[in-house]
2 protein chains.
Amino acid sequence: QKSTVKNVAEFNKALRTVQPGDSIVLAKGIWKDSELLFEAEGTAEKPITLTVEEKGKVTLEGESNLRIAGNYLIVKGLVFKNGHTPTNAVISFRKDRDKMANHSRLTECVIDNFNNPERQVQDYWITIYGKNNRIDHNHIVGKKNLGVTMIVGLDTEDSRENNHKIDHNYFGPRPTYGNNGGETLRIGTSHHAMENSNTLVASNYFDRCNGEHEIISNKSCQNTFKYNTFFECTGTLTMRHGNETLVDGNVFIGNGKPSTGGVRVINESQTVINNYHIGLTGYRFRGAFVMMNGVPDSPPNRYVPVIDSKVNNNTFVNCENILFGAGSDEERSQAPRTSEFSRNIIYNDTKKDIFTINDDISGISFKNNILGKNSETTIEKGFVKADIQLVKNEQGFLIPTSKKIKHKISISPNIATKENTGVTWYSKEDKTVALNSGKTIKVKAGINTLYDEVKKSEAGDIMVLEEGGTYLLTKAVKIDHPLSVKTEGKEKANILFERMMAFEIQDGGSLSLENISFDGAKSPDYAGNSVISTSKNSMIENYKLFIDKCEFKDMVVNHSFDVLRVSKGTFADTISIKNSTFRKITGSIAALDTETDDIGAYNVEYVIMKNNIISELQGAALRLYRGGKDESTFGPFLEVDHNVFDKVGFGKKNKYKSAISLYGVQEIDIKNNIFRDSKAIQMHLVVGEPIVKVRNNALSNSEKLVVTGDQKYLVENQWDLDPRFS
Amino acid sequence: QKSTVKNVAEFNKALRTVQPGDSIVLAKGIWKDSELLFEAEGTAEKPITLTVEEKGKVTLEGESNLRIAGNYLIVKGLVFKNGHTPTNAVISFRKDRDKMANHSRLTECVIDNFNNPERQVQDYWITIYGKNNRIDHNHIVGKKNLGVTMIVGLDTEDSRENNHKIDHNYFGPRPTYGNNGGETLRIGTSHHAMENSNTLVASNYFDRCNGEHEIISNKSCQNTFKYNTFFECTGTLTMRHGNETLVDGNVFIGNGKPSTGGVRVINESQTVINNYHIGLTGYRFRGAFVMMNGVPDSPPNRYVPVIDSKVNNNTFVNCENILFGAGSDEERSQAPRTSEFSRNIIYNDTKKDIFTINDDISGISFKNNILGKNSETTIEKGFVKADIQLVKNEQGFLIPTSKKIKHKISISPNIATKENTGVTWYSKEDKTVALNSGKTIKVKAGINTLYDEVKKSEAGDIMVLEEGGTYLLTKAVKIDHPLSVKTEGKEKANILFERMMAFEIQDGGSLSLENISFDGAKSPDYAGNSVISTSKNSMIENYKLFIDKCEFKDMVVNHSFDVLRVSKGTFADTISIKNSTFRKITGSIAALDTETDDIGAYNVEYVIMKNNIISELQGAALRLYRGGKDESTFGPFLEVDHNVFDKVGFGKKNKYKSAISLYGVQEIDIKNNIFRDSKAIQMHLVVGEPIVKVRNNALSNSEKLVVTGDQKYLVENQWDLDPRFS
Ligand SMILES: [Ca+2]
Ligand SMILES: [Ca+2]
């Protein structure tokens, strides 16, 4: 019997009389604030189905979710979008801790950007409990708040040795989260790491799942990962806890994107075979292949040493890093033992030695690995060189071929593709609009003309200001989509503003400013103004900010006047400030230090400051902070190149007492700068072996670099010079 | 001619043909997102009027505001509520910097809680420019975001010597803002302090205008304040900048409320006469009367020394503090000179000496002042004692009478009252609902039963839990009105929660928890959980939190698990934690340190911790932070009494490395506590001469008090004891 229901009450009523073999059909339309509990008992022959009147035309929105409990249930065709769950899961395979779903299937469902509006409030999208469930052909895209996208829970006996099958799902883009908790799939937890999960993860497509280090966090025993494709994912399939994992026949495609990685091995009796890797550039924990060091007698939540593991018959094409003994430190002192790395093929066009050996590798036996003829390694045995040619196969993969390669390298026909995963009736197209991709709009000089035009603008539009025109803003310009503002011509337009900010970047916004002059003369006489601020509310979308050839001046009406001020719960992919001048400012250029909870969060991934002149700036020019000891993330990355810092950092209110203040930054490159009459660069180096280079900087009557913390760094050519400015 | 208009377009059309003597009438209804520019030219005989179809039935809501520009204009009867202005003023007496209003009148208008939703985004409600304007009989209540309620601007020549009259306005309650920028009226700025404003402020009623120290900030010359009533206002009428102010015949009623003050004198040739003060308890800068020290050759934004000022014929009944030379320090080293304090009458039932002499008073001549017979002063001359009786006059004021009082103490019939100010057609009643003032609701034990009942509850309701019942929350309970939750009976109900918080206090909410046990065992395995959190978005309303007889335990699933976690842009009037136990917690009890911009903001006014047992708490039990050097605010105030701290503060993630961390707290009273195996109390003392007492605390194997900063403090009886717990 098939009953079509129009609302939650009807659904619950239908459920009361449902029989094996029946279907409950959600009527077309928007199901707002609908929390469904699909609790029923089907049979193997006659499952009970929850489905929709028309695929793609039934959407659960607002505060909605679904719990599945019982046996032999099928859920098919639901779409969750425009909302979030008030609980900790959008779809859960249990009613509560005692009643779960078994022998059930979730198929052809969509969860699309169904995010809690608070970036830092945690939830999962799919939590799988019980046994013998299949999760297949779902389309899952755009998780942006805290929490793993999909988990397999093992917290009760009834969920272990579960034989779940997770297959043919499309895991669409998940952007950098900027803290731990951005994983796409996790199986188990450290608390139950020694339980067998027996979950099969097969033929799923992971499309730019970039939340954090761990694309997949395997935390239990006897799981299998087969025929999955990882497309431009930053991070690795990580065997974080648990043993006897099989990773077989997967494909990792990096396309040269930063931080793309492959497989990371921790724990015992792991098998990594027949995987194909291409164009992975990640280093350290996100290498193309990483075998970690362990902690002797490790507690379950730390690092169990690698033993009895096999890494065989894998192919690495133009990958940049393979690591053995990664993470070796005082605590992680146990190198891998009784393990094997055999018959792997390593080819790289340009980088000679892609191996990093962080500890003793005598516990790993290397056999019959093949290197391209330009490649090298310091590992003494187990590698032979071969004249390798890359030949495209019919699937489009570049396959290394050589007489010396005995086994044929092939990619399974079961490999996941964008086409054979997810559903056909829901688009996988990217919806993001790039800056400068829209129409050009000329904005007349005057009061609020820019405000009015921006309000009418569309994503990607470009506002062109009058050469030398004066623009007064009595309202803050809200940027809620990608937008560019620039002056065409030589004389910059001049923007003054009466509110505490000229521009406020809101959720979904990105901003490019070019060839504009900003003057603080009309800004309110209160502490805490800024030219640009983010929304004070949480922003789910990452934003970008580009400043080029701009001028910022006379921002002295009160103290703590910043150029850019961001809020907690916001995250920028990139903040780039180039070719600009900053004169007479009481605050900072970029105050990126609001995540002071020290739980691993931070405000921005990439910061670039290049070719700027900064003079009479009272605060620290740059404040960049990443607290806590978490190792799940990559950034922040910082480049400070060819800037002049002239009288920077001497304000009484500059609590950092420095010209640049860095804390926990993961990659620092400060070079070719001049500091005159300025405070020091201060950096506190902790966590994650940061890469720190401070080179070719000239200091004149300025304080010297101050470094604290417990990490290594490089300083070269800190000249003591007296620059002459013309 | 009278034209009724229905929308902004019609308004603008009517304006194009308006003639002297005409009226434009806004039609009844809600005017949403209506920004009006009332620019016209009336004449003295035939002004042009902007008014409403029916008073109280025309409301401007959403993003609305009004600018007035031209001559002889009258605005009457508009109500602004349910919204805010996108600009920096709700009502402004100018179109732009060049075109202002003169000879115009704003009367019988209402601005009611028309706040920017962002507490820290600044605006004004009424900005007065031009000359000869009258602002009278307006009702202005509930400003809660940053920025002065009403200002007189002097930034161009055309706004100086303005002869504005501000009279018979009702300034309704403005709660503590928690930073500088909570003034109710400001005339001028430091930049134009030496200009004559010639503004008359007469017969206005200031009802609990408690934003900050300065109820009124006088910042220009030749202003007059007459017949105003200050009812339970915390702070003072402050002559911040400018000379020749006349403060005559005003009434200050404190009713014994904390921090209520009178007049504060700075600068030259000030006259303070015939004012009546009763029941003012404020000290230091908010004394019943304060004459400040100045800075020699003071820059305009600091403190010009007092000279040639007269303080005569004022009456002080049961006021607690009068100060001379207040603020004396290295910078403010110049005591008052050539000034006079004569024929004032000081009566106090209980406090003997209400005078504080902070510096040399030889520059003040004291003559013919009268003290009650129980009163004393160390000032040698100019005081006589009298046997004073308090006699209620027909207006209800207690008037000191004695044969020795020669001049009759009378209160002008023009004195402001709640009745003769504002408008008759808009209620002045308080809308706030107290905790525990509503109905009692029994809540069954179970999953989300509490969530469901709270969702249906009303302000003031009391949720009563089952004795010993277990309550699981899979959704966070949102508290958006005052609400109490308690167990009746001996065995506490037990609350567990699956979200990152059990309760989230949202804008408008307050929470009382009594006799409940909270267990962290079901909370998510992420850093940063809390039992109670505030909204992550800005909260315009101050909130209260009371915790009594509760138990908090097993909050160890991940690090940084706090009991209370607050967000930037939120402010508590009171956080009170009493008679409760805290065991095995990885974070803090109260993390009140999110205002790290150091611009004077902080998170809470009063913090009370009394009779609690705290054991195995990894973080600092209390983190309380008020950064910056601003002197505009009173708090935070802290009392920590009769608590046991047992193994507190030793967590690796405790970045404060202390058991209690205090920064910039203004009043500290820590007494009768036991610290065993615990980290230290750390306090950094800056700004505002904090009152700090640390007395009768027993330390066993615990670190000793650490004090930094530049302020005085008292420590008594720091015992080294070994307590025996039964
Ligand atoms: Ca992680
Ligand atoms: Ca102030």
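Predicted, not measured: the structure shown is a model, and the values here were computed from it. (Residues numbered from 1 in each chain as written. Chains lettered and ligands numbered in written order. Predicted model: local features only at pLDDT ≥ 70, side-chain atom pairs only at ≥ 80, totals over all residues. Heavy atoms only, no water.)

1. As for the overall build of chain A
Scanning chain A for helices and strands turns up 2 helices and 72 strands. A compact globule built from 726 residues would reach a C-alpha radius of gyration of about 27 Å, and chain A, at 28 Å, matches this within 12%. Oriented by its inertia axes, the alpha-carbon framework of chain A measures out at about 85 × 70 × 45 Å. Within the span of chain A, comprising 726 residues, buried residues form 64% of the whole. Across chain A, contacts joining residues at least 24 apart in sequence account for 74% of those joining residues at least 6 apart. Summed over all atoms, the accessible surface of chain A reaches about 26100 Å², with 46% contributed by carbon and sulfur. (Helix = DSSP H or I, 4+ residues; strand = E, 2+ residues; numbered from the N terminus. Rg over C-alpha atoms; globule rule 2.2 N^0.38 Å. Buried < 20%, exposed > 50% of the residue type's maximum accessible area, 1.4 Å probe, protein only. Contact = heavy atoms within 4.5 Å. Areas by Shrake-Rupley, 256 points an atom, 1.4 Å probe, with all protein chains shown as cover.)

2. Structural notes on the relation of the copies chain B and chain A
The transformation that overlays chain B on chain A combines an axial shift of 0.0 Å with a rotation of 180 degrees, and the residual RMSD is 0.1 Å. What the superposition gives is, in effect, a two-fold axis relating one chain to the other. Among all residues of chain B, the minimum C-alpha distance to the rotation axis is found for N537(B), at 2.7 Å. The residues that chain B uses at the interface reappear at the interface of chain A in 100% of cases, marking a shared surface. (Least-squares fit on C-alpha atoms with pLDDT ≥ 70 in both.)

3. Description of the packing of aromatic side chains
With the rule as written, the count across this model stands at 51 aromatic pairs over all chains. Centroid distance Y625(A) to Y663(A): 4.6 Å. Interplanar angle 20 degrees. Geometry classified as stacked. With Y625(A) in strand β63 (residues 622–625) and Y663(A) in strand β66 (residues 660–663), the pair connects residues that are 38 residues apart, well separated along the chain. Its relative accessible area of 28% is what places Y663(A) among the partly exposed residues. Taking 5.1 Å as the distance between ring centres and 90 degrees as the angle between the ring planes, the aromatic pair formed by F324(B) and F366(B) counts as edge-to-face. (Phe/Tyr/Trp six-rings, centres within 6.5 Å; stacked < 30°, edge-to-face > 60°.)

4. Considering the coordination of the calcium ion (ligand 2)
Residue and element names in this part refer to chain B. Looking at the calcium ion (ligand 2), the protein donor atoms are N180 (OD1), E183 (OE), E212 (OE), E212 (OE), E214 (OE) and S632 (OG), and they sit 2.3 to 3.2 Å from it. Considering all 6 donor atoms around the calcium ion (ligand 2), angles at the metal cover 49 to 155 degrees and the coordination shape is irregular. By relative accessible area, which is 24% here, N180 ends up partly exposed. The exposure class of E212 is buried, given its relative accessible area of 2%. (Donors = N, O, S within 2.8 Å, 3.2 Å for Na, K, Ca; no water. Tetrahedral: all angles 85-135°; square planar, octahedral: opposite > 155°, others 65-115°.)

5. Structural notes on the side chain of S615(B)
All names here are of chain B. In this structure, S615 sits in strand β62 (residues 613–617). S615 gets classed as buried once you look at its relative accessible area, which sits at 7%. Setting aside its immediate chain neighbours within four residues, S615 contacts F582, R583, K584, D646 and K647.

6. Details of the coordination of the calcium ion (ligand 1)
All names here are of chain A. Binding of the calcium ion (ligand 1) to the protein goes through N180 (OD1), E183 (OE), E212 (OE), E212 (OE), E214 (OE) and S632 (OG), at separations of 2.3 to 3.2 Å. One can describe the site at the calcium ion (ligand 1) as irregular: its 6 donor atoms subtend angles covering 49 to 156 degrees at the metal. Each donor residue of the calcium ion (ligand 1) belongs to the same chain, and together they define the spacing N-x2-E-x28-E-x1-E-x417-S. On the criterion of sequence distance, the pair formed by E214 in strand β23 (residues 214–219) and S632 in the loop between β63 and β64 (637–641) is long-range, its members being 418 residues apart. Both residues of the pair, E214 and S632, belong to the buried class.

7. Some details on the pattern of salt bridges
Enumeration over the complete set of coordinates arrives at 96 salt bridges over all chains. Here E639(A) and K610(A) are joined by a salt bridge, their closest N and O atoms 3.3 Å apart. Note that E639(A) is positioned in strand β64 and K610(A) in strand β61 (residues 604–610), a separation of 29 residues in sequence. Overall, the relative accessible area of 23% leaves E639(A) in the partly exposed class. On the basis of relative accessibility, which here comes to 24%, the residue K610(A) falls in the partly exposed class. Of the charged contacts, one joins K568(B) and D597(B) as a salt bridge, the two residues approaching to 2.7 Å between their closest N and O atoms. Residue K568(B) is located in the loop between β57 (562–565) and β58 (572–578), and its partner D597(B) is located in the loop between β60 (590–592) and β61 (604–610); the two are separated by 29 residues in the primary sequence. Accessibility expressed as a relative area gives 30% for K568(B), which makes it partly exposed. Its relative accessible area of 24% is what places D597(B) among the partly exposed residues. (Salt bridge = Lys/Arg side-chain N within 4 Å of Asp/Glu carboxyl O.)

8. Remarks on a positive patch on the surface
A surface patch of like charges, here positive, comprises K629(A), K652(B), K653(B) and K657(B). Position of K652(B) among the secondary structure elements: in the loop between β65 (644–648) and β66 (660–663). (Patch = residues over 30% accessible without salt bridge, like charges linked within 9 Å, V, L, I, M, F, W, Y side chains within 5 Å. Lys, Arg positive; Asp, Glu negative; His and termini not counted. Charge placed at Lys NZ, Arg CZ, Asp CG, Glu CD.)

9. Section: the interface of chain B and chain A
Listed as interface residues are 50 residues of chain B and, on the opposing side, 51 residues of chain A. With both chains or domains summed, chain B and chain A bury close to 3800 Å², and 47% of this area falls on carbon and sulfur atoms. When the buried area of chain B at its contact with chain A is split by residue, R499(B), Y526(B) and K536(B) rank highest and sum to 18% of it. One can count 6 salt bridges joining chain B with chain A. Of the charged contacts, one joins R565(A) and D597(B) as a salt bridge, the two residues approaching to 3.2 Å between their closest N and O atoms. When grouped by side-chain class, the residues that make up the side of chain B that touches chain A number 15 nonpolar, 15 polar and 20 charged. (Buried area = accessible area lost by both parts, 1.4 Å probe. Nonpolar A, V, L, I, M, F, W, Y, C, P; charged D, E, K, R; others polar.)

10. Observations regarding the sheet that holds strand β54 (residues 530–534) of chain A
The strands that make up a sheet are held in pairs by hydrogen bonds between backbone atoms, and each pair lies either parallel or antiparallel. Residue and element names in this part refer to chain A. Taken in spatial order, the 9 strands make up an open sheet running β48-β51-β54-β57-β60-β63-β66-β69-β71, and their pairing is parallel. The two strands at the open ends of the sheet, each matched to only one other strand, are β48 (477–479) and β71 (706–709). Strand-to-strand, the axes of this sheet are offset by a mean angle of 15 degrees, without reference to chain direction. In terms of strand pairing, strand β57 (residues 562–565) meets strand β60 (residues 590–592) through 2 bridges, oriented parallel. Counted as the bridge partner of L564 is A590 from β60. (Pairing = 2+ DSSP bridges. Axes fitted to C-alpha atoms, helices over the stretch in contact; angles between N-to-C directions.)

11. Brief notes about the side chain of R626(B)
Along the chain, R626(B) falls in the loop between β63 (622–625) and β64 (637–641). Within the structure, the side chain of R626(B) is placed 2.7 Å from the backbone oxygen of D630(B), a separation counted as a polar contact. (Polar contact = N/O pair within 3.5 Å; in protein donor to acceptor, adjacent residues only side chain to side chain.)

12. Quick notes on the pairing of β63(A)
All names here are of chain A. Along β63, one buried face is formed by L622 and L624 and the opposite face, lined by R623 and Y625, is buried too. Sheet topology places β60 next to β63; 3 bridges connect them, and they run parallel. Within the sheet, the bridge partner assigned to A591 lies in β63 and is R623. Where β63 and β66 come together, 4 bridges link them in parallel fashion. Bridge pairing in β66 links L624 to L662.

13. Things to note about the sheet that holds β60(B)
Residues and elements named next belong to chain B. One open sheet accounts for 9 strands, arranged β48-β51-β54-β57-β60-β63-β66-β69-β71; its pairing is parallel. The sheet is open, and its two edges are formed by β48 (477–479) and β71 (706–709), each paired on a single side. The average undirected angle you get between the axes of adjacent strands in this sheet is 15 degrees.

14. Points about the domain arrangement of chain A
Residues and elements named next belong to chain A. When cut into domains, chain A gives domain 1 (2–401), domain 2 (434–544 + 559–566) and domain 3 (588–726). Here the C-alpha centroids of domain 2 and domain 3 sit 26 Å apart. Of the residues lining the interface, 7 residues belong to domain 2; the matching set on domain 3 comes to 8 residues. Summed over both sides, the interface between domain 2 and domain 3 buries roughly 630 Å², with carbon and sulfur atoms accounting for 54% of that surface. Counting the surface domain 2 buries against domain 3, the share from its top three residues, D562, L564 and V566, is 62%. Linking domain 2 with domain 3 are 4 residue pairs in polar contact (both at pLDDT 80 or more). Looking at the side of domain 2 that touches domain 3 residue by residue, the class counts come to 4 nonpolar, 1 polar and 2 charged. (Domains from an automatic or database assignment.)

15. Thoughts on the environment of K647(A)
Residues and elements named next belong to chain A. Turning to its location among the elements, K647 is positioned in strand β65 (residues 644–648). The exposure class assigned to K647 is partly exposed, which follows from its relative accessible area of 38%. On a C-alpha basis, the gap between K647 and Q19 in space is 79 Å, while along the polypeptide they are 628 residues apart. Once you skip the residues sitting within four places of it in the chain, K647 turns out to touch S615, E616, L617, R676, D677 and S678.

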